[in-house]
Amino acid sequence: MVKLLENTFRSVNIGLVNELALMCARMKIDVWEVIGAAATSVRLFMPFTPPRAGRPLHPDRSVLLSWKARASGFEARFIELAATSTGTCPST
């Protein structure tokens, strides 16, 4: 479960930054500048970066956590949404 939490944390944050990258592109804002500026904050901030164009994303174990949750009668919508935005979640 600890490893699943770590991988899900990563997946959720990558999903967030992927969406931010798309939003910044639409708004003509440099996402790398935004991430760099946020990383200088005195508050806790962990910089995650969007993948470079053409770089494939590798599946992670957050999909397994979502599957196990569903098998237990719990729908992990947030985890599934993040996994979908990173390209790691098969359609359910």
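Analysis parameters
- Residues numbered from 1 in each chain as written.
- Predicted model: local features only at pLDDT ≥ 70, side-chain atom pairs only at ≥ 80, totals over all residues.
- Heavy atoms only, no water.
- Core = buried A, V, L, I, M, F, W, Y, C linked by side-chain atoms within 4.5 Å.
- Buried < 20%, exposed > 50% of the residue type's maximum accessible area, 1.4 Å probe, protein only.
- Helix = DSSP H or I, 4+ residues; strand = E, 2+ residues; numbered from the N terminus.
- Contact = heavy atoms within 4.5 Å.
- Expected span 1.5 Å × (residues − 1).

Peer 1: Just checking my understanding: could you explain the nonpolar core for this structure?
Peer 2: The tendency in soluble globular proteins is for nonpolar side chains to be buried as a group. In terms of nonpolar packing, the biggest core is built from seven residues, these being Ile14, Val17, Ala21, Cys24, Val31, Ile35 and Phe48. Those elements that provide at least two residues to this core are helix H1 (2-26) and helix H2 (31-38). Looking at this core, the element that brings in the most residues is H1, giving four residues. Those residues within four positions of Phe48 in sequence are excluded, and the remaining contacts are Phe9, Arg10, Asn13, Ile14, Val17 and Ile35. Leu4, Leu65, Ala69 and Ala76 belong to the second-largest nonpolar core, a separate cluster that totals five residues.

Peer 1: I keep staring at H1 and nothing clicks. Help me out?
Peer 2: What sets the pattern is the α-helix's 3.6 residues per turn: residues three or four places apart point alike. With 25 residues, H1 extends 37 Å from end C-alpha to end C-alpha; this agrees with the ideal 36 Å at 1.5 Å per step. Looking only at H1, the buried set comprises Leu4, Asn7, Thr8, Ser11, Val12, Asn13, Ile14, Gly15, Val17, Asn18, Ala21 and Cys24. Backbone geometry just downstream of H1 places Lys28 in the positive-phi region, at approximately 60°.

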